[in-house]
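Listed below, chain by chain, are the residues.
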Amino acid sequence: MDIDLKGKNVLITGAAKGIGRGMALAAAGEGANIALHYLGSEEAAARTANEIKEAYSVEVHLVKGDLAKIEDVTKIKDELDHRLGGIDCIVNNAGFSQMKSFFQYKPEEWKQEVDVCFYGVLNLVHTFMPEMIDKRKGKFVNIVGDSARTGDKHLIISAAARNGSISFLKSLAQEVGKSNVQCNTVSFGLINHGSLDFNEAALEKIAKQYPLKRLGKVEDVTGIILFLLSNHADWITGQVISVNGGHSMLG
Ligand SMILES: NC(=O)c1ccc[n+]([C@@H]2O[C@H](COP(=O)([O-])OP(=O)(O)OC[C@H]3O[C@@H](n4cnc5c(N)ncnc54)[C@H](OP(=O)(O)O)[C@@H]3O)[C@@H](O)[C@H]2O)c1
């Protein structure tokens, strides 16, 4: 199968490092021009952009902003309109979660998770999708963790916010399908990109819970993203696709 993203302008959020970095490199490898978004990881973002430029003949533009703030998202769009002439596809990979029991939260601590994991999606869609609708072509892929589908007592707020984003994208898919815009969610199991907040012993213990007996690697999840951005996925919308080593099996 030829995943051809040549000439497509793809915005990947939270792409300085970790999984987002892997997605940006993989999409550039298929010929996409990359709008590489970051918030605080400026040096890592510049490094990733340079890596892409050295390896592939595509355009790469760095954009910075807080996705929880609509004014930042608007600024990102203005900048990308000017520099890339618009965005064809978005992978919203940015996320913010805190691992603790609900009763350890102070009320002022949960808002940021909802602001990034739920309102961030609305901010991106409201700002970028009208142009996709006008052009009658566009793809929006939102990243969540399986906790958004199964619940997780340690990720209780981000899981709830992301469950909301799943429902939002299904409803949206119903509205924008007539304009040939596809909206899908990709749900990950634990992906070890080298800087998870677990020690080796804990990671080994978690890996044993997976039917495939290992945690995910960044390369395990980039393929589905490339596929969903490609023309091969033109008839797939409103779906939630788990890439999770079999950890949860939802009907
Ligand atoms: N790693 C896993 O095992 C796993 C499992 C399930 C789901 N996921 C999801 O997969 C995605 C990538 O995971 P990851 O572990 O590579 O990275 P991550 O550390 O969870 O987050 C990715 C990026 O989100 C950005 N971000 C946070 N708050 C933001 C805000 N207000 N506005 C804009 N950007 C913001 C940060 O960018 P800066 O660094 O530039 O500030 C961060 O690097 C995340 O959405 C994560 O929740 C990961």
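Residues numbered from 1 in each chain as written. Predicted model: local features only at pLDDT ≥ 70, side-chain atom pairs only at ≥ 80, totals over all residues. Heavy atoms only, no water.

Looking at an unreviewed UniProt entry, one finds the protein chain named SDR family oxidoreductase, with Niallia endozanthoxylica as its source organism. Quoted verbatim from the Sequence similarities (unreviewed entry) field of UniProt, the annotation for the protein chain is "Belongs to the short-chain dehydrogenases/reductases (SDR) family." (UniProt positions renumbered as here; feature names shortened; annotations may be inferred.)

Within strand S5 (residues 138-145), eight of the eight residues are buried, which leaves it mostly tucked inside the rest of the structure. Burial along S5 is two-sided: Gly-138, Phe-140, Asn-142 and Val-144 and Lys-139, Val-141, Ile-143 and Gly-145, pointing in opposite directions, are all buried. Sheet analysis places strand S4 (residues 89-92) next to S5, joined by four bridges and oriented parallel. Within S5, the position partnered with Val-91 by the bridge is Val-141. Viewed along the sheet, the connection from S4 through helix H4 (residues 111-135) into S5 turns out right-handed. Sheet topology note: the S5/strand S6 (residues 181-188) ladder contains eight bridges and is parallel. (Buried < 20%, exposed > 50% of the residue type's maximum accessible area, 1.4 Å probe, protein only. Helix = DSSP H or I, 4+ residues; strand = E, 2+ residues; numbered from the N terminus. Pairing = 2+ DSSP bridges. Right-handed = clockwise from strand over helix to strand, strands pointing away.)

Moving on, we get to the packing of helix H3 (residues 70-84) against H4. Contact geometry of H3 with H4 gives a least axis separation of 8 Å together with a crossing angle of 30°. Relative to H4, H3 is oriented roughly parallel. The crossing of H3 and H4 is right-handed. Here Ile-70, Val-73, Thr-74, Ile-76, Lys-77, Leu-80 and Asp-81 of H3 lie close against H4, whose contacting residues are Asn-123, Leu-124, Thr-127, Phe-128 and Glu-131. Among the residues forming the contact of H3 with H4, the class breakdown is six nonpolar, three polar and three charged. (Axes fitted to C-alpha atoms, helices over the stretch in contact; angles between N-to-C directions. Parallel < 35°, antiparallel > 145°, perpendicular 65-115°, else oblique. Left-handed = near helix turned anticlockwise from the far one by under 90°. Contact = heavy atoms within 4.5 Å. Nonpolar A, V, L, I, M, F, W, Y, C, P; charged D, E, K, R; others polar.)

So, on to the site of the ligand. Looking at the ligand, there are 27 residues lining it, with Ser-41, Asn-93, Arg-162, Ile-191 and His-193 nearest. Separating an oxygen atom of the ligand from a side-chain N or O atom of Ser-41 is a distance of 2.5 Å. Measuring from a nitrogen atom of the ligand, one finds a backbone N or O atom of Leu-67 at 3.0 Å. Starting from 870 Å² of accessible surface for the ligand in isolation, the protein chains cover 83%. (Near = heavy atom within 4 Å. Polar contact = N/O pair within 3.5 Å; in protein donor to acceptor, adjacent residues only side chain to side chain. Areas by Shrake-Rupley, 256 points an atom, 1.4 Å probe, with all protein chains shown as cover.)

Next up on the list: the sheet that holds strand S1 (residues 9-12). Strands sit in the order S3-S2-S1-S4-S5-S6-S7 across an open sheet of seven strands; the sheet is parallel. In the strand order of this sheet, the two ends are held by strand S3 (60-64) and strand S7 (240-243), each with one partner. Across this sheet, the average inter-strand angle for adjacent strands is 20°, counted without regard to direction.

Once that is clear, we can look at unusual backbone geometry. Glycine aside, residues mostly have negative phi, and peptide bonds are mostly found in the trans state. Positive phi is not limited to glycine here, since Asn-180 has a value of about 60°. Tracing the backbone shows Asn-180 in the loop between helix H6 (156-176) and S6. Positioned with a positive phi, Lys-213 is a non-glycine residue whose angle comes to about 60°. Summarising the element assignment, Lys-213 is placed in the loop between helix H7 (200-208) and helix H8 (218-229).

Running from N to C, helix H1 (residues 18-29) and helix H2 (residues 42-55) point in directions that differ by 20°, and their axes come no closer than 10 Å. Here H2 runs roughly parallel to H1, going by the angle between their axes. Crossing hand, H1 versus H2: right-handed. Taken together, the residues of H2 that come into contact with H1 (itself represented by Arg-21, Ala-24, Leu-25 and Ala-28) are Thr-48, Glu-51 and Ile-52. When grouped by side-chain class, the residues that make up the contact of H1 with H2 number four nonpolar, one polar and two charged.

Once that is clear, we can look at the pattern of salt bridges. Summed over the entire model, instances satisfying the criterion amount to 11 salt bridges. Taking the shortest distance from any N to any O, the salt bridge between Asp-234 and Lys-139 comes out at 2.6 Å. Residue Asp-234 is located in the loop between H8 and S7, and its partner Lys-139 is located in strand S5; the two are separated by 95 residues in the primary sequence. Relative accessible area serves as the criterion here: at 5%, Lys-139 is assigned to the buried category. Three or more residues are tied together by salt bridges with common partners; here these are Lys-77, Asp-81, Glu-131 and Lys-135. (Salt bridge = Lys/Arg side-chain N within 4 Å of Asp/Glu carboxyl O.)

Position of Glu-113 relative to the elements: it lies in helix H4. Here Glu-113 is buried and forms no salt bridge, its nearest opposite-charge partner Lys-100 lying at an N-O distance of 6.9 Å. In terms of polar contacts, Glu-113 uses its side chain to reach the side chain of Gln-98, at 2.8 Å. Among the polar contacts listed, one links the side chain of Glu-113 to the backbone nitrogen of Ser-158, at a separation of 3.1 Å. For Glu-113, the contacting residues outside a window of four places in its chain are Phe-96, Ser-97, Gln-98, Tyr-105, Phe-118, Ile-157, Ser-158 and Ala-161. (Lys, Arg positive; Asp, Glu negative; His and termini not counted.)

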